[in-house]
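Geometric and topological summary
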Amino acid sequence: MSISLSSLILLPIWISMAHIQQGGPDEKEKTTALKDLLSRIDLDELMKKDEPPLDFPDTLEGFEYAFNEKGQLRHIKTGEPFVFNYREDLHRWNQKRYEALGEIITKYVYELLEKDCNLKKISIPVDATESEPKSFIFMSEDALTNPQKLMVLIHGSGVVRAGQWARRLIINEDLDSGTQIPFIKRAMDEGYGVIVLNPNENYIEVEKPKIHVQSSSDSSDEPAEKRERKDRVSKETKKRRDFYEKYRNPQREKEMMQLYIRENGSPEEHAVYVWDHFIAQSAAENVFFVAHSYGGLAFVELMIQREADVKSKVTAVALTDSVHNVWHQEAGKTIREWMRESLCTLQDSVKY
């Protein structure tokens, strides 16, 4: 039987508590103190010390997986579907591995949008400088010039990106179930221009810069003895901080910060931005939306902010499992009336 490092660390405390609980009432205070100590111990953090390195492949081949002719993700050697619990009793490590695979699949879907669906990747904001954070959407060649029909696709919240409905379905079912590709291909076959939004790409992550604290002895007129004492305290504080950081972050994961993309810092902002700079400028007489989950909420917010324009250009909207709420979003009566006429939803519980 294997015993984890975290169990070995906690074992003496559990034994001490067992002995104390067998004593009389005088031992209650000690029991309370030990319970308080246990409550302060972060077991998730302790478990990190038992983990293998968070070092994962950056290609499907590296993971030894590939999509077969049916669009199913299968192990190259065994032919088996993806296994989440690759290592027993290491849920956090398995989750990190799953997330790493998911990032590869996101890039794979982007490639399919360009190569399989012949969509163009368009950078936004359209007037972005070279150095500022950017996002992108995908469009068919005729998205802005098709005089008749334009299809706009909006996915839901979470880790999914342009071209995806659900990462879990891509990994566990197939590409047709989890991506927007069947919708895109059918729309193009039937003469629609297509725009694929990317509402979750709201920021880029960069490594947080390290803050260098200037030593007090460098710029102080204090007496030498006082400066030495302060420096000694500062060094001891740094030593404790470094020790804690080694405990808290044993795998040396980078501290990241988020730089938001101008005018695209949320799904709602993104929908309005793409409307103003692309959809509203398109030649299509009839615009159709398909929005899933949080994408439905983003569409309603677009409707609230651009009501007249949307009414004049959008012919119909299809929502799947939408989480919008016209009352909480404070959609006016005229919007609700238009939605009753022009919106189709797969949720029977939605009321207007």
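Remember, predicted model here, so these are calculated numbers, not experimental data. (Residues numbered from 1 in each chain as written. Predicted model: local features only at pLDDT ≥ 70, side-chain atom pairs only at ≥ 80, totals over all residues. Heavy atoms only, no water.)

**What about unusual backbone geometry?**
This is how the line gets drawn: Comment: elements are numbered from the N terminus, with helices defined as DSSP H or I runs of at least four residues and strands as E runs of at least two. Throughout this description, buried means an accessible area under 20% of the type-specific maximum (1.4 Å probe, protein chains only), exposed means over 50%, and partly exposed covers the range between.
Backbone torsion omega between I124 and P125 reads 0°, so that peptide bond is classified as cis. Within the element layout of this structure, P125 appears in the loop between β3 (120-124) and β4 (135-139). For D89, which is not glycine, the phi dihedral falls at a positive 60°. Tracing the backbone shows D89 in the loop between β2 (73-75) and α5 (91-115). On the basis of relative accessible area, D89 is assigned to the exposed category, the value being 68%. Positive phi values are uncommon outside glycine, yet E330 reaches one of about 60°. Of note, E330 is situated in the loop between β10 (314-320) and α13 (333-342). E330 sits in the exposed class, given a relative accessible area of 68%.

**Points about the confidence of the model for the protein chain**
Keep this limit in mind: A score between 0 and 100, pLDDT records how confident the predictor is in each residue. When checking whether two residues touch, look at their non-hydrogen atoms; a contact exists if any pair is within 4.5 Å.
Taken as a whole, the protein chain shows an average pLDDT of 84; of its residues, 74% reach a score of 70 or greater. Predicted confidence for residues 348-352 stays below pLDDT 50, and this span has twelve contacts to residues more than four positions away or in other chains.

**Focus on the environment of A100**
Its location among the elements puts A100 in helix α5. Looking at A100, the relative accessible area reads 21%, which means it is partly exposed. Taking the C-alpha atoms as reference, A100 lies 9.7 Å from F63; in sequence the two are 37 residues apart.

**Let's talk about the packing of helix α10 (residues 267-279) against helix α11 (residues 294-305)**
Formally: Only the stretch in contact is used when fitting a helix axis, every axis being a line fitted to C-alpha atoms; angles between N-to-C directions are given from 0 to 180 degrees. The scheme is simple: roughly parallel for angles under 35 degrees, roughly antiparallel for over 145, roughly perpendicular for 65 to 115, oblique for anything else. Crossings are classed by handedness, with left-handed meaning an anticlockwise turn of the near helix from the far one by less than a right angle and right-handed meaning a clockwise turn.
Look at α10 against α11: their axes get within 8 Å of each other, and the N-to-C directions meet at 55°. By the angle between their directions, the pair α10 and α11 is classed as oblique. By crossing handedness, the relation of α10 to α11 is classed as right-handed. Contact residues: α10 offers P267, E268, A271, V272 and W275, while α11 offers Y294, L297, A298, E301, L302 and Q305.

**A few points about the sheet that holds β3**
Selection rule: Criterion used throughout: strands pair if DSSP finds at least two bridges between them.
On the basis of which strands lie adjacent, the open sheet formed by seven strands has the order β3-β4-β6-β5-β9-β10-β11 and mixed pairing. Where the open sheet ends on each side, the last strands, each with one partner, are β3 and β11 (343-345). On average, each strand axis in the sheet is inclined to that of its neighbour by 20°, with strand direction left out of account. Sheet topology places strand β9 (residues 286-292) next to β10; six bridges connect them, and they run parallel. Counterpart to V290 in the pairing with β10 is A318. In the packing of α11 onto the sheet, contacts are made with β5 (149-154), β9 and β10, and the angle to β9 comes to roughly 140°. The strands touched by α13 are β10 and β11; relative to β10, the strand with the most contacts, the crossing angle is about 80°.

**A look at the packing of α11 against α13**
Our working rule: Nonpolar residues are Ala, Val, Leu, Ile, Met, Phe, Trp, Tyr, Cys and Pro. Charged residues are Asp, Glu, Lys and Arg, and all others, Gly as well, are polar.
Packing of α11 against α13 brings their axes to within 10 Å, and their N-to-C directions diverge by 130°. By the angle between their axes, α11 is oblique relative to α13. Relative to α13, α11 is oriented so that their crossing is right-handed. Packed against α11, whose contacting residues are F299, V300, M303 and I304, the element α13 presents I335, W338 and M339 at the interface. Residue composition of the contact of α11 with α13, by class: seven nonpolar, no polar and no charged.

**Quick notes on the pattern of salt bridges**
Applied cut-off: Any Lys or Arg side-chain nitrogen found within 4 Å of a carboxyl oxygen on Asp or Glu counts as a salt bridge.
Under the criterion given, the structure shown has eleven salt bridges. For E132, the salt bridge goes to R262, with nearest N and O atoms at 2.9 Å. With E132 in the loop between β3 and β4 and R262 in the loop between β8 (256-260) and α10, this pair connects stretches of sequence that are 130 residues apart. By relative accessible area, E132 is classed as buried at 17%. Residue class for R262 comes out partly exposed when judged on its relative accessible area of 30%. Linking E201 and R161 is a salt bridge whose minimum nitrogen-to-oxygen distance equals 2.8 Å. A residue pair is termed long-range when its members are at least 10 positions apart, and E201 in the loop between β6 (193-196) and β7 (203-207) and R161 in the loop between β5 and α6 (167-172) qualify at 40 residues. The same class applies to E201 and to R161, which are both buried.

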